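Chain by chain, the residues run as shown.
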Amino acid sequence: MEECKTCELAIYCYSESGTWVFRTKQEMEEKREAMHKCPHHEKVMESRSPGARSGAGSEG
């Protein structure tokens, strides 16, 4: 998304959560809360899901 290019949270939205490193638990909670408040976050997560790329329901 175009809006994400200048967002400081984009690194979290476009990477796997298992790779995130935070200095404190408070920092982690603050980042997660900010992501959930973002109006674009849900669209980004949907576009990154495996079903969105390969076509949902294509299991055979």
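Draft legend 1. Quick peek at the environment of E33. Among the structural elements, E33 can be located in helix α2 (residues 25-37). Of note is the side chain of E33, whose polar atom sits 3.1 Å from the side chain of K37.

Draft legend 2. Structural detail: the side chain of K31. Among the structural elements, K31 can be located in helix α2. E8 provides the closest opposite charge to the buried, unpaired K31, separated from it by 4.1 Å. Setting aside chain neighbours within four positions, we find K31 in contact with E8, L9, Y12 and F22.

Draft legend 3. Representation of the pattern of salt bridges within the structure. The final tally for this structure, using the stated rule, is three salt bridges. Between K5 and E2 there is a salt bridge, and its shortest N-O distance comes to 3.6 Å. Per residue, the accessibility class of K5 equals that of E2, and both read exposed. The partner of K37 in a salt bridge is E33, and the shortest N-O contact between them spans 3.1 Å. Highlighted residues: K37 and E33, both in helix α2, separated by four residues, approximately one helical turn. Judged by its relative accessible area of 45%, E33 falls in the partly exposed class.

Draft legend 4. Layout of the packing of aromatic side chains. Taken as a whole, this structure holds three aromatic pairs when the rule is applied. Ring centres of Y12 and W20 lie 5.4 Å apart, and the angle between their planes is 85 degrees; on these two criteria the pair is classed as edge-to-face. An identical accessibility class is assigned to Y12 and W20; each is buried. Taken together, the ring pairs in this structure connect Y12, W20 and F22 into an aromatic cluster.

Calculation criteria
Residue numbering note: each chain is counted from 1, following its sequence as written. For this predicted model, a pLDDT threshold of at least 70 governs which residues receive local features, and a threshold of 80 or more governs which side-chain atom pairs are given and counted, while totals over whole chains, interfaces and linings are taken from all residues. To obtain the side-chain values, all non-hydrogen atoms of the structure were included, while hydrogens and water were left out. Helix and strand labels come from DSSP, where a helix needs a run of H or I of at least four residues and a strand needs a run of E of at least two; each type is numbered from the N terminus. N or O atoms closer than or at 3.5 Å make up a polar contact, with two conditions inside protein: a donor-capable atom paired with an acceptor-capable one, and, for residues adjacent in sequence, both atoms drawn from side chains. Relative accessibility thresholds used throughout: buried, under 20% of the residue-type maximum; exposed, over 50%; partly exposed, between the two (1.4 Å probe, protein chains only). Charge assignment in this entry is limited to Lys and Arg as positive and Asp and Glu as negative, and neither His nor the chain termini are counted. A pair is scored as a salt bridge if a Lys or Arg side-chain nitrogen falls within 4 Å of a carboxyl oxygen belonging to Asp or Glu. Should any heavy atoms of two residues lie within 4.5 Å, those residues are considered in contact. Between 30 and 60 degrees the pair is tilted, below 30 it is stacked and above 60 it is edge-to-face, where a pair is any two Phe, Tyr or Trp rings, Trp via its six-membered ring, whose centres lie within 6.5 Å.

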